[in-house]
Amino acid sequence: MTTVKRFTAHAARVATAVVGGVVIASAGLAACSSGDEDSARLESLGYVVPNPIMTTNAGTSLGVATDAAKVSARLYPGASIAGPEGQLLPNPDIVTATRAADDPRRVDYVINDKAEYSDGQPVVCDDFLLTQAASSDPALFGSDLPLFYQVENIDCAPGNKQFAVHFKEGFGNRYMELFSAGTVMPAHIVAEKAEVADVVSAVASEDQEAKTRIAQAWQDTFNVTRTDPASVPTSGPYSVAERGEDGHLKLVANPHYAGPAPVQDPLYVYPSTVDVKKLAEDRALGVADLDTDVHPQDVGLDGDDWVVQTPTSERVDTLRLSGINQLESEEARRAFGECVDRARIAADVKKATGMDVQPTGLRVVPPTHALAPQLQPTNDAAMAVNLDSAREHLGGQQIRIGYLDSTPRYKTIVESIQASCADAGIEVQPTALSADSYGTLGQDYDVLLDTRGSFGRNSSENTNVFSRLEAIRASEENLQRDSMTIPLTTEPRQIAVEHHVDYVTDNGSDAGLAWNMDRWTEQDHPVESTEDHHE
């Protein structure tokens, strides 16, 4: 993969502890002439995300579906930050996590004494306990935080700056994947909305009514269509100053943030529903993470003022199975996977979008991972189509696949699955969902199509992308046997950066470009110096 990178001391500070970061810089314009020096700066720095902006809570199922982490990565940074090379970077501006020397199942957390929300209230262990509480009851909280399955309990006294996470037997290696960007929310605000003294006591009680109020507040408080996001405090370098009529958020510096202040203040984050071409014409757009239905040349982002790239994503378009009713048994879930023709999906997606995607049957590592070639037999076995087996276990059954209708390629994927599974006598019913009426897996649909990496997922396994080959192979085989998910094809991505904007660094995780957006810099003149970096 060829990318563009500008090597400076500042860039090193931007990607703290990151080696070999992929900088999709406006610095990619090596051909800038001297006349380009007079090019006008942007009127304001805007960033377009590929989905509607519905919530800043990335731990909700709605947040996962709409890629909330791309908005909230620097509003609620979490305990660890996923870097551009798949690294997990500790975030001591918020909290420090240390594995206990005397107990491999315990991780001790110390919250930064200076860590505060934008309303001046301290970040405390209540905030982290609330995340775990939400994960433990997905139906009540509308949560999607599966890795907390590995957690046995959390020791937290209300208002404390220290707490301990205790893992179940056989788990604990993946602790840095807990409390990710956009999932640690201000518990004091949730408690206020839910009318409880504190969430720690309420969660520990048997008061189901109080828990229900907490669950509703955990969803509604951060839903920008139900609560003014400017009224909700944040813990990261940015806070929300206002929400525009078109759904954009104006981000400003959080004066209470314990770490470095953001370079760009203000920064505007726009939903996918805006007129991208007009933003570019008004010189109000600097960074765009575009969905596949938007063609850069059609919205004016392919000229000399822009660098457009299509990086390989670590995330995979994936089916998540309910595990109930006709998909309750492992045999039935595997059988459904056997009627899914990934090569056909890849061809259909390319025909619809013009972008290449790669079929994959792996769940722990992406196709871009260094160990992926050594897992090819495992991958091939997981992708095998067997219509006879599919017909034997699921023939005559109807499977409803839910998908977010604002992501155009999802419709293409589901229709491709519908066609291939029909050959096995399985009726696939496409179920289009809107961001404001997303429904529930297992009730409104049997299978959900969304896009995810392995970060924070595959909770039945203690291995991740950093594990040894044999451990990964065993986990891949276990996950295929269980088939609670069916990976399909890699996520197609296209990114555009205006040539006055520097230090825009992509990564393949859920946060994407936003992981370091507080370090983005708008220069007075087009950035010229470049160096090709071959990964």
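If you're wondering where the values come from, they're calculated on a predicted model, not measured in any experiment.

**Student:** So what about the overall build of the protein chain? Which residues, and what values?
**Tutor:** Each helix and strand counted, the protein chain has 15 helices and 24 strands in total. Since a compact globule built from 535 residues should have a radius of gyration of about 24 Å, the 23 Å found for the protein chain is in line with a globular shape. If you line up the protein chain on its principal axes, its C-alpha atoms span 70 × 55 × 45 Å. Per-residue burial for the protein chain yields a buried fraction of 59% across its 535 residues. When contacts within the protein chain are restricted to residue pairs at least 6 apart in sequence, long-range pairs at least 24 apart make up 73% of them. Each charge class in the protein chain can be summarised by its mean position, and for the 42 positive and 80 negative side chains these summaries are 3 Å apart.

**Student:** I'd like a description of the state of the cysteines, backed by residues and values.
**Tutor:** As enumerated under the stated definition, the model contains 2 disulfides in all. Disulfide pairing places Cys125 opposite Cys156 at an S-S distance of 2.0 Å. Taking the sign of the torsion about the S-S bond as the criterion, the disulfide between Cys125 and Cys156, at about 75 degrees, is right-handed. With Cys125 in helix α4 (residues 125-135) and Cys156 in the loop between β8 (151-155) and β9 (162-167), this residue pair connects regions lying 31 residues apart in the sequence. Both residues of the pair, Cys125 and Cys156, belong to the buried class. When the bonded cysteines of the protein chain are numbered from the N-terminus onward, they pair as 1-2, 3-4.

**Student:** Can you break down the pattern of salt bridges residue by residue, with the values?
**Tutor:** All told, the structure shown has 31 salt bridges when counted by the stated rule. When the shortest N-O distance is used, the salt bridge between Arg493 and Asp289 registers 2.8 Å. You can see Arg493 sitting in the loop between β19 (485-490) and β20 (494-498) and its partner Asp289 sitting in strand β13 (residues 287-290), a full 204 residues away along the chain. Arg493 sits in the buried class, given a relative accessible area of 4%. Residue class for Asp289 comes out buried when judged on its relative accessible area of 3%. Asp450 serves as the salt-bridge partner of Arg320, at 3.9 Å between the closest nitrogen and oxygen. In this pair, Arg320 sits in strand β15 (residues 316-321) while Asp450 sits in strand β18 (residues 447-452), placing the two residues 130 residues apart along the sequence.

**Student:** Please provide a residue-by-residue account of the sheet that holds strand β17 (residues 427-433), values included.
**Tutor:** Taken together, the 5 strands give an open sheet; going across it, the order is β17-β16-β18-β15-β19, and neighbouring strands pair in mixed fashion. Edge strands, defined here as strands with exactly one partner in the open sheet, are β17 and β19. Strand-to-strand twist of the sheet, defined as the mean angle between neighbouring strand axes without regard to direction, takes the value 30 degrees. As paired strands, β15 and β18 are joined by 6 bridges and run antiparallel to one another. Across the sheet, Asp317 pairs through a bridge with Thr451, a residue of β18.

**Student:** I'd like a description of the confidence of the model for the protein chain, backed by residues and values.
**Tutor:** Chain-level statistics for the protein chain give a pLDDT mean of 90 and a share of 91% at 70 or above. Segment residues 1-22: pLDDT under 50, and 63 contacts once partners within four positions in sequence are set aside and those in other chains are kept.

What counts, and where the lines are drawn
Residues numbered from 1 in each chain as written. Predicted model: local features only at pLDDT ≥ 70, side-chain atom pairs only at ≥ 80, totals over all residues. Heavy atoms only, no water. Helix = DSSP H or I, 4+ residues; strand = E, 2+ residues; numbered from the N terminus. Rg over C-alpha atoms; globule rule 2.2 N^0.38 Å. Buried < 20%, exposed > 50% of the residue type's maximum accessible area, 1.4 Å probe, protein only. Contact = heavy atoms within 4.5 Å. Lys, Arg positive; Asp, Glu negative; His and termini not counted. Charge placed at Lys NZ, Arg CZ, Asp CG, Glu CD. Disulfide = S-S within 2.5 Å. Salt bridge = Lys/Arg side-chain N within 4 Å of Asp/Glu carboxyl O. Pairing = 2+ DSSP bridges. Axes fitted to C-alpha atoms, helices over the stretch in contact; angles between N-to-C directions. pLDDT = per-residue confidence, 0-100.

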